Structure formats: structure tokens, C-alpha cells
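Close look at the chain arrangement
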Amino acid sequence: MDWESFYNSHSSPASYEIIITEIKQFISHHENKKIVLITSGGTTVPIEQNTVRFVDNFSAGTRGSASAEYFLDSDYAVIFLYRSKSLEPFLRHFLNSKLLDKLEIVNNKSIQVKEDLENLIPVLKKYKDAKSSNNIISIPFTTLVEYMWLLRGFCKLLNNRYCLIYLAAAVSDFYIPPNEMVKKAEHKIQSKDGPPVIALRMVPKVLMAITQIWSPKAFIVSFKLETDNSLLESKSKDALIKYKHQLVIGNLLHTRKYHVKLICQNEIEDIYLSEKDNKDGIEIEDIIVKKIKIRHEVFLKMN
Ligand code: PAZ
């Protein structure tokens, strides 16, 4: 199925028009600022219409949520399109800190911080700054179809901007069209009927539509995840040739937190996070974002 037929045969998510209006306002509010659209987390592919079960993937949203913080540090306004319940900028630090163990109830009335949380003060400060200056807007999605609609909507709104599009989400390549769900499964599939036979269809690739139609002025960074190292560079280069965008960030499933490759038409740059950096609390996304910021600036000068 091509992408146009995909959109013709799948309805837009609830509240789509409201979300689009919010994003439109955000973009015009930041008329004179650099904007980055970040996608983050995995996508679900429901196998029943009243969904109990779905096909999913591993993505935790670390790459996208951490990158969002570093883009804010680099003075970008951030549109954060993320899979609901995956990691969110700033909040992710609190989930990692055994927060509940550090709180206590006082007189059954209020909650007091029992242990030292001062290492989180800079995070909280940055969160408050980003919120009060309206520099970040976060929009959640759950299913693949919701993601596809929101991505297209946001890219079209950015049509005239030399913005940055940073596609870190792990988007399913396969899905089940609603009219092909098992027995048009409206309700939970019953085990008494035996194991369902599920046929997955290809999700249309929309990167070409982004680069050529929806956001042709943007600096576009796609991500390529592989488990077989021998495929990573060749598939990333094929993507660059096919979709004609600026950069692919290649990574392998088990080393993605310590090593990525920035792959563009004529060079490949390896980025490693050393053990020392890791111990010092440096994240690889900090390095990635600094490098991309420089490339985006060069791109802006050229355009
Ligand atoms: O979300 P996370 O931090 O667990 O993983 C990040 C990632 C591996 C999903 C991302 O770096 C990536 O490669 N995204 C694109 C995946 C793909 O569709 O090939």
C-alpha cells in the first residue's frame, strides 16, 4: 500500500484537529527560533479493535527524551511526539531515582522529601524554564496509525521552515489493517477458537513524502537500528540515496547507548561514549545533539 492510500483508508486519531491547532500555535509562537520535531518510543499494532493485545517493540524512548533535553539546552523549541508511557524529557530522571523510597508522609497530611534529591534540582529547574518559556510541547500517541497521522500533520505544518526533524522513534514496519484483523476482530479474540492466524502488511515508508512533499526545507535526521553490524552502514547509505535527506544515525540494538554512527553522503563519523563519560553521567545524546546542531547551522547558512 502506498502512503496516500494508507491515509485514505485509516481515520485520523481522536482530537486530531485540536492537536494540530496547538502545534500550529506553537510553531507561530516560535517564528524566530529554531524548531526540532522529535519522534520517540515504539508504536503498537493492535490485533483487535477493542485492543487487549498488540504487536510492539523494545523502544523505551531514551534516545528521544534525552535528545529533547539537549536540544532545549541548545536553544531549540521542541515538538516532542512520543509513544504514550515511554520516557519523557525531565520526568525520566525522577523515574530512575527510586523516588518513592525518598519520600515520606508527614502527619498523614503532606509529603516530605526524606533523602537528598538535590542532584535533581538542575533537572527540575530546566523543566520549569522550558515550561514557563513554552519551549516544549509534548504530544503522545499509542498506535502506529496515530503516529502516522500526527507525523504527517506536524511535518506539513513545518513545510516552510528550515527546521530539524529527528526521527528517533522505532516505528513498526508491519501492521494489521483494521479490515483485516482476525475475523474483523471487534472484541478480544477468544482462546477457545484456537490460535489466530495473523497476517501483517507492510507499513508504507513516509520518509520520501517528508523529504519531498511535507517538509522539503527541513534538515532531516533518520535513525537506522540493526542487530547485524554488517548491514548497518550499507542500509543507512541506501536510505540516504533513496530518500535524499541529510543524515542517518545508525545504531545496533545492544550498543545503542554507547556507540552510534553519523552517516551522511560522503562521510561516516563514529561516536563512542567512553566508560569515564558514562561514569560522569554524560549521555551519548548530549554528544549527538551537539554535532547535529553544528550540521544544522551549516545547513541554515547554506539555505
Ligand atoms: O528508544 P530507545 O532509546 O530505547 O532506542 C532508540 C532507538 C534504537 C529506537 C533509536 O536510536 C533508533 O534507532 N530509532 C529508529 C529505529 C528504526 O526504525 O530503525
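To keep things clear, this report deals only with the structure shown in the data block. (Residues numbered from 1 in each chain as written. Predicted model: local features only at pLDDT ≥ 70, side-chain atom pairs only at ≥ 80, totals over all residues. Heavy atoms only, no water.)

For the rest of this paragraph, the subject is the site of the ligand. Contacts to the ligand come from 14 residues, most closely from Ser59, Gly61, Arg63, Leu225 and Asn251. Thr62 is positioned such that a nitrogen or oxygen atom in its backbone is 3.2 Å from an oxygen atom of the ligand. Contact between the ligand and Arg63: an oxygen atom at 2.9 Å from a main-chain N or O atom of the residue. When residues of the shell around the ligand are traced back to their parent elements, those giving at least two are α3 (62-73) and β11 (219-226). For the shell around the ligand, the element with the most residues is β11, which contributes three residues. (Near = heavy atom within 4 Å. Polar contact = N/O pair within 3.5 Å; in protein donor to acceptor, adjacent residues only side chain to side chain. Helix = DSSP H or I, 4+ residues; strand = E, 2+ residues; numbered from the N terminus.)

Read across the sheet, eight strands follow the order β7-β4-β1-β8-β11-β12-β13-β14 without closing on themselves; strand pairing throughout is mixed. Only two strands of the sheet have a single neighbouring strand rather than two, namely β7 (136-141) and β14 (267-272). Pairs of neighbouring strands in the sheet enclose a mean axial angle of 15°, with direction left out of account. Of the pairings in the sheet, the one linking strand β8 (residues 164-167) to β11 comprises four bridges and is parallel in character. Within β11, the position partnered with Ile165 by the bridge is Ile220. (Pairing = 2+ DSSP bridges. Axes fitted to C-alpha atoms, helices over the stretch in contact; angles between N-to-C directions.)

On to unusual backbone geometry, then. The phi torsion of most residues other than glycine is negative, and most of the peptide bonds are trans. Positive phi outside glycine occurs at Asn134, with the angle close to 55°. Inspection of the secondary structure puts Asn134 in the loop between α5 (121-132) and β7. Owing to a relative accessible area of 33%, Asn134 belongs among the partly exposed residues under this scheme. At Lys244, a residue that is not glycine, the phi angle is positive and equals roughly 55°. Mapped onto the secondary structure, Lys244 falls in the loop between α8 (229-243) and β12 (247-252). (Buried < 20%, exposed > 50% of the residue type's maximum accessible area, 1.4 Å probe, protein only.)

Buried residues dominate strand β1 (residues 34-40), accounting for six of its seven residues. As defined by bridge partners, β1 adjoins strand β4 (residues 76-83) across seven bridges and the pair is classed as parallel. Of the residues in β4, the one forming a bridge with Ile38 is Phe80. Pairing of β1 with β8 involves four bridges; the strand directions are parallel. Paired with Val36 across the bridge in β8 is Leu164.

Here the structure, examined in full by the defined rule, presents 19 salt bridges. When the shortest N-O distance is used, the salt bridge between Asp56 and Arg83 registers 2.9 Å. Taken together, the residues Asp56 in the loop between β3 (54-55) and α3 and Arg83 in strand β4 connect sequence positions 27 residues apart. Given a relative accessible area of 34%, Asp56 falls into the partly exposed group. Since its relative accessible area comes to 14%, Arg83 is described here as buried. Via salt bridges that share partners, Lys34, Lys293 and Glu297 belong to a single interconnected network. (Salt bridge = Lys/Arg side-chain N within 4 Å of Asp/Glu carboxyl O.)

What follows covers the packing of aromatic side chains. Here the structure, examined in full by the defined rule, presents 14 aromatic pairs. Consider the rings of Phe6 and Tyr7, whose centres lie 5.6 Å apart with planes at 80°: the pair is edge-to-face. The exposure classification of Phe6 matches that of Tyr7, with both residues buried. Each ring, one from Phe80 and one from Tyr82, has its centre 5.2 Å from the other, and the planes form 15°; the classification is stacked. Note on accessibility: Phe80 and Tyr82 belong to one class, buried. (Phe/Tyr/Trp six-rings, centres within 6.5 Å; stacked < 30°, edge-to-face > 60°.)

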